[in-house]
Structure formats: structure tokens, C-alpha cells
Amino acid sequence: MAVDQKSEVRGQRSAQAISNTQYPISQVVALAGGVGGAKLAHGLAQQLAPDQLTIIVNTGDDFEHLGLLICPDIDTVLYNLAEVQHPQQGWGRADESFQVLEETKRLGHDAWFRLGDRDIALHLLRRQMLDAGMSLTEVIAALARRLGVTHLVLPMSDQSVRTIIHTPEGELPFQEYFVHRRTEPTMLGMHMAGLEQARPTAAVSTALAEADLIIFCPSNPYVSIDPILALPSVREAVARTPTIAVSPIIGGRALKGPAAKMMAEVGADVSAVGVARHYADLLDAFVLDQADRRLVDAISALGIRSFVTDTIMRDKTDRARLAAEVLSFAQSRKPVP
Ligand code: GDP
């Protein structure tokens, strides 16, 4: 297809995507971690044309393993957008086998981090491209293209930033805490190693500067969203732009992962209100689950307008429906009651 034909198709798709909304938005940025972030990103990708949506993904969970660069959140987002993700697990591919892992075990490797064969194929190509001198942003763009992902998925930074969890046993690199130790140690605090040298990529800065809506996906506030916000100038850019967050906490619990446990351990209110309070200085609007309807007044008291709906994304249709509701409420400009 010729380039001008392509942009015409994009234009038509954009018009369709926003035709039912009251205040058309042209540029949406979603901030995402892995599981919850990937689900909403997939919903948004069903509602918005590729030139309307940029997904900025946490890289604080990344680490080197078996000589490969593991990017758990980026890969989960890519696999979900390509619709090749494992249906239940929250990481990895559908129709996966584990022959390489089994063989490494037989050869004496302590295989606490699971990588399937298809997954390893992508990791090998990423290694090759990084070794050839490509930036992580370029590598992810290339992998996205090969997976057929048309929406823009951006690592938050091309520099290495690594989440370190402080526990009574000392400091644990994130995957050591999360996968090897199954989040059992108490989290006393955390820091991002490498943050002083890191900056958002040019593509991330441009997307944030051009955004007319920034969506905080229902991701872990501490280890998925905060690392993105911690990069120089990101918080300032987000503060200048209309924002909406979807609560990753429903009925005082996380659907998956340690978000609720971490909130309790750092003394936060383990609820959707606790999440809204965590982001309060940056948030205009907040989406909470119908199970938490009684918390609406507490959210309003923070000066944040809220929308109550079913926020559990069980399937592709749920993801698209929640994304449409988020976009429509963000644009409705309904005042705080
Ligand atoms: P991680 O990096 O793999 O831990 O993934 P995220 O940080 O993106 O997601 C973890 C959070 O996603 C958890 O707090 C879950 O409660 C939340 N989550 C997962 N699925 C859903 C969902 O369907 N709806 C909502 N509202 N939250 C979800």
C-alpha cells in the first residue's frame, strides 16, 4: 500500500475511533507495567488507531539472565497486543514448550526463571540486535513489527534502570524478590539503581509532550508506574496533561502480583483510595471497580472525579469495553461531585 493510502486509512480509523466521543482526543499515552497494564493497553489498541496511542512501558523489572536481556513488562505488552500471550499465566506465550529450560536444568542450571522456547527465540533476536548496536527502543520497534503490533510500544528509557527491593534480608534485585523468592520477603522500601544516569528516550518525551490524555493502566503503583514517573522530567510532563488512572486494587486486593501486599507493608491504605492517594497530585480522574462503589466520596475528597464500572478484564471484549469507558469518561469533563 502506498504511504499516502496508508495515512488515509489511518485517518479513517482515527475518525471511527473517536466518532462516539464527546471531546475528541488525538494523542493518548498509556503508562504500563506487565499484567494489568498489558490488558488495558490491548483494550486501548482496539479503540484507538496506531497514530493515536503510545504505550510507555516500565523497564525497572528488566534483568540479564543466561546472557539474554529479559524485559518482562515490555514482552507482556507486546505479546498481548499481538494476541499471542499465554491465556492465564500473565507472562510468556500461548502454545509454549520448555525444552531449552529442561535441558539447561539437566545441565545443572538452577532454572528458577522460566522462559519458554518461543519466548527464547524472541530473546535471542533481541540479544543479537542489542549486540549489533541498536538501542532498546529500536529493538522493541523491530520486534513489534515482526509480531504484527502496529501501535507504538516504547521502553521508558534506553539506559538500564533496575528496581531493587529493600527487605529485612537486605536489598534484592526485583526478579530475585518477585520470581525466585515469590514476593515472600517484606518490602521495607525500594530504589531504582541507575536512575541518576537514566533519562526518558526522545520518543517518550515527545509522546508525553504531545499527549492530550495520559492513562495510568491498572499496574503496580510502586514497581510498574513509579519507575516511569521517576525519570527526569516525566512527572512534570504528566502534571501538565489531563490524566486518568484505573485502579489495580479491587475490593482491597490485587488480582495478581504483590501490589496489595506492598501497599500494606509500606503502610498505605490497601484500597482503590490508597492508589488514588498515591497518584493524587497527578490525577484528574480515576476509574474504580463496582465492588468499591462506596469509596467514591473518599476519591472526590481528594479532588479527583471518579467513574465506577466493572474493571475486571476477563477477555478481549472486556478490555475493549473498559478502554472505551476510560476514554469516554476522561473526555466527559464531568466535574468532581
Ligand atoms: P506486573 O508488572 O506483571 O506485576 O504487572 P502490572 O503492574 O501491570 O499489573 C499488576 C496489577 O494488575 C495487579 O495489581 C493486578 O491487580 C492488576 N490487574 C491485573 N488484571 C487486572 C484487571 O483485569 N483489572 C484491573 N483493574 N486490574 C488488574
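Residues numbered from 1 in each chain as written. Predicted model: local features only at pLDDT ≥ 70, side-chain atom pairs only at ≥ 80, totals over all residues. Heavy atoms only, no water.

1. Digging into the overall build of the protein
Summing up its helical and strand segments, the protein has 14 helices and 14 strands in all. By principal-axis analysis of the C-alpha atoms, the protein measures approximately 60 × 55 × 40 Å. Looking at the protein residue by residue over its 337 residues, the buried ones come to 53%. Long-range pairs, those at least 24 residues apart, make up 68% of the contacts in the protein with a sequence separation of at least 6. Carbon and sulfur atoms make up 51% of the accessible area of the protein, which amounts to about 14800 Å² in all. Between the centroid of the 32 positive side chains of the protein and the centroid of its 39 negative side chains there is a distance of 4 Å. (Helix = DSSP H or I, 4+ residues; strand = E, 2+ residues; numbered from the N terminus. Buried < 20%, exposed > 50% of the residue type's maximum accessible area, 1.4 Å probe, protein only. Contact = heavy atoms within 4.5 Å. Areas by Shrake-Rupley, 256 points an atom, 1.4 Å probe, with all protein chains shown as cover. Lys, Arg positive; Asp, Glu negative; His and termini not counted. Charge placed at Lys NZ, Arg CZ, Asp CG, Glu CD.)

2. Comments concerning the site of the ligand
In the region of the ligand, 22 residues are neighbours, and S219, N220, P248, L255 and T311 sit closest. Between G36 and the ligand, the recorded distance is 3.1 Å, taken from a backbone N or O atom to an oxygen atom. One of the backbone nitrogen or oxygen atoms of T311 is found 2.7 Å away from a nitrogen atom of the ligand. Notes on the ligand: free accessible area 590 Å², of which the protein chains cover 96%. Using a 2 Å cut-off from the grid points, one finds that the ligand occupies the largest pocket. For the shell around the ligand, the leading source of residues is helix α2 (residues 35–47), giving 4 residues. Broken down by class, the residue content of the shell around the ligand amounts to 9 nonpolar, 9 polar and 4 charged. (Near = heavy atom within 4 Å. Polar contact = N/O pair within 3.5 Å; in protein donor to acceptor, adjacent residues only side chain to side chain. 1 Å grid on protein atoms, 1.4 Å probe; cavity = no way out; pocket = protein on both sides within 12 Å on 5 of 7 lines; lining within 4 Å. Sits in = over half its atoms within 2 Å of the grid points. Nonpolar A, V, L, I, M, F, W, Y, C, P; charged D, E, K, R; others polar.)

3. A look at the sheet that holds strand β14 (residues 305–309)
Taken in spatial order, the 7 strands line up as β5-β2-β1-β9-β10-β13-β14 in an open sheet, and their pairing is parallel. Each end of this open sheet is capped by a strand with a single partner; those strands are β5 (152–155) and β14. Adjacent strand axes in the sheet meet at a mean angle of 20°, parallel and antiparallel pairs treated alike. With 3 bridges joining them, strand β9 (residues 213–216) and strand β10 (residues 243–246) adopt parallel strand pairing. Within β10, the residue paired with I214 across the bridge is T243. (Pairing = 2+ DSSP bridges. Axes fitted to C-alpha atoms, helices over the stretch in contact; angles between N-to-C directions.)

4. Quick word on the sheet that holds strand β7 (residues 170–173)
Here we have 3 strands laid out as an open sheet, ordered β7-β6-β8, and antiparallel in their pairing. In this open sheet, the two edge strands, each paired with only one partner strand, are β7 and β8 (189–193). Taking each pair of neighbouring strands and ignoring which way they run, the sheet shows an average axis angle of 30°. Two elements, strand β6 (residues 162–167) and β8, share 5 bridges in a ladder whose sense is antiparallel. Along β8, the bridge assignment pairs I164 with H191.

5. Describing unusual backbone geometry
Only a minority of non-glycine residues have a phi that is not negative, and only a minority of peptide bonds are not trans. Although it is not a glycine, D95 adopts a positive phi angle of roughly 50°. Following the sequence through the fold, D95 ends up in the loop between α3 (72–81) and α4 (99–106).

6. Looking at the confidence of the model for the protein
Detail in the predicted coordinates should be disregarded across regions flagged by low pLDDT. The predicted model of the protein has a mean per-residue pLDDT of 93, with 93% of residues at 70 or higher. Ignoring residues within four places in sequence, the model shows residues 1–22, a span with pLDDT below 50, making 19 contacts including any to other chains. (pLDDT = per-residue confidence, 0-100.)

7. Things to note about the pattern of salt bridges
With the rule as written, the count across this model stands at 15 salt bridges. A salt bridge links R181 to E169; the nearest nitrogen and oxygen atoms lie 2.5 Å apart. With R181 in the loop between α7 (174–180) and β8 and E169 in the loop between β6 and β7, this pair connects stretches of sequence that are 12 residues apart. Residues R277 and D269 are paired through a salt bridge, measuring 3.9 Å at the closest nitrogen-oxygen approach. You can call R277 partly exposed: its relative accessible area is 47%. (Salt bridge = Lys/Arg side-chain N within 4 Å of Asp/Glu carboxyl O.)

8. Examining the layout of surface pockets
Counted as a void, the largest pocket has a volume near 1000 Å³. Lining the largest pocket are 46 residues, and of these V35, G90, F178, K256 and G257 sit closest to its centre. (Points joined across faces, edges and corners; volume = space filled by probe spheres on them.)

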